[in-house]
Amino acid sequence: MGQRSERLERLVDGRECECCDDDLETHVETLEGLVAAFPPDAATDRAALKALGNDTRYTIVRLLAAAGRELCVCEITPVLDVSDSAVSHALSDLYDAGLIARRKDGTWHYYEPTERATALLEALDGTRGER
């Protein structure tokens, strides 16, 4: 057994029940089954969470959600304390992560949060302060 399995065995043995090796194997198999049931496209989940982990990108998503309408990049840039290039890069990352939608109208580019971004923000707002 590897170090992790030894630690798990100590955890299971330390409980106030009579666990044997079969119980340990069943426990590990149950946990492995939970991992196997993760969504096959979990990489998109990680990309969305990673995108929100940056101050500029988080602020952009919050701003778009609070605005309640599409915003032009020229409306977003002035409220951020970063370069135009950084805003452009952040918008691209958010789009790639599926958190914002974009629309081009001539030379103007408009952005709005996706349903996924809105749901993530609502989940964060609804659970703020919980531990």
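Right above here is the structure, for reference.
What comes next is a walk through the structure. From a predicted model like this one, the values you see are computed outputs, not experimental measurements.

1. Some words on the packing of helix H4 (residues 55-67) against helix H6 (residues 84-96)
Then step 1. Their axes nearest at 9 Å, the elements H4 and H6 cross at an angle of 70°. The pairing of H4 with H6 is recorded here as roughly perpendicular in orientation. Taken together, the residues of H6 that come into contact with H4 (itself represented by Thr56, Arg57, Ile60 and Val61) are Val87, Ala90, Leu91, Asp93 and Leu94.

2. A short note on the side chain of Thr56
Then step 1. Mapped onto the secondary structure, Thr56 falls in helix H4.
Then step 2. The class of Thr56 is buried, set by a relative accessible area of 16%.
Then step 3. For Thr56, the residues in contact, after removing those within four places along its chain, are Leu80, Val82 and Ala90.

3. Some remarks on the pattern of salt bridges
Then step 1. Inspection of every chain in the model, using the stated rule, returns seven salt bridges.
Then step 2. The partner of Asp93 in a salt bridge is Arg57, with the nearest N and O atoms 3.2 Å apart. Separated by 36 residues along the polypeptide, Asp93 in helix H6 and Arg57 in helix H4 bring together distant segments of the chain.
Then step 3. The exposure class assigned to Asp93 is partly exposed, which follows from its relative accessible area of 23%.
Then step 4. Taking the shortest distance from any N to any O, the salt bridge between Arg69 and Glu75 comes out at 2.9 Å.

4. Description of the sheet that holds strand S3 (residues 108-113)
Then step 1. Within the open sheet, the three strands sit side by side as S1-S3-S2. Their pairing is antiparallel. If you trace the sheet from one side to the other, it starts and ends with strand S1 (71-72) and strand S2 (100-105), each paired once.
Then step 2. One ladder, built from six bridges, connects S2 with S3; its direction is antiparallel. Its bridge partner being in S3, Lys104 is matched across the sheet by His109.
Then step 3. Along the sheet, H4 contacts S1, S2 and S3; its crossing angle with S3, the most-contacted strand, is approximately 85°.

Calculation rules
Residues numbered from 1 in each chain as written. Predicted model: local features only at pLDDT ≥ 70, side-chain atom pairs only at ≥ 80, totals over all residues. Heavy atoms only, no water. Axes fitted to C-alpha atoms, helices over the stretch in contact; angles between N-to-C directions. Helix = DSSP H or I, 4+ residues; strand = E, 2+ residues; numbered from the N terminus. Parallel < 35°, antiparallel > 145°, perpendicular 65-115°, else oblique. Contact = heavy atoms within 4.5 Å. Buried < 20%, exposed > 50% of the residue type's maximum accessible area, 1.4 Å probe, protein only. Salt bridge = Lys/Arg side-chain N within 4 Å of Asp/Glu carboxyl O. Pairing = 2+ DSSP bridges.

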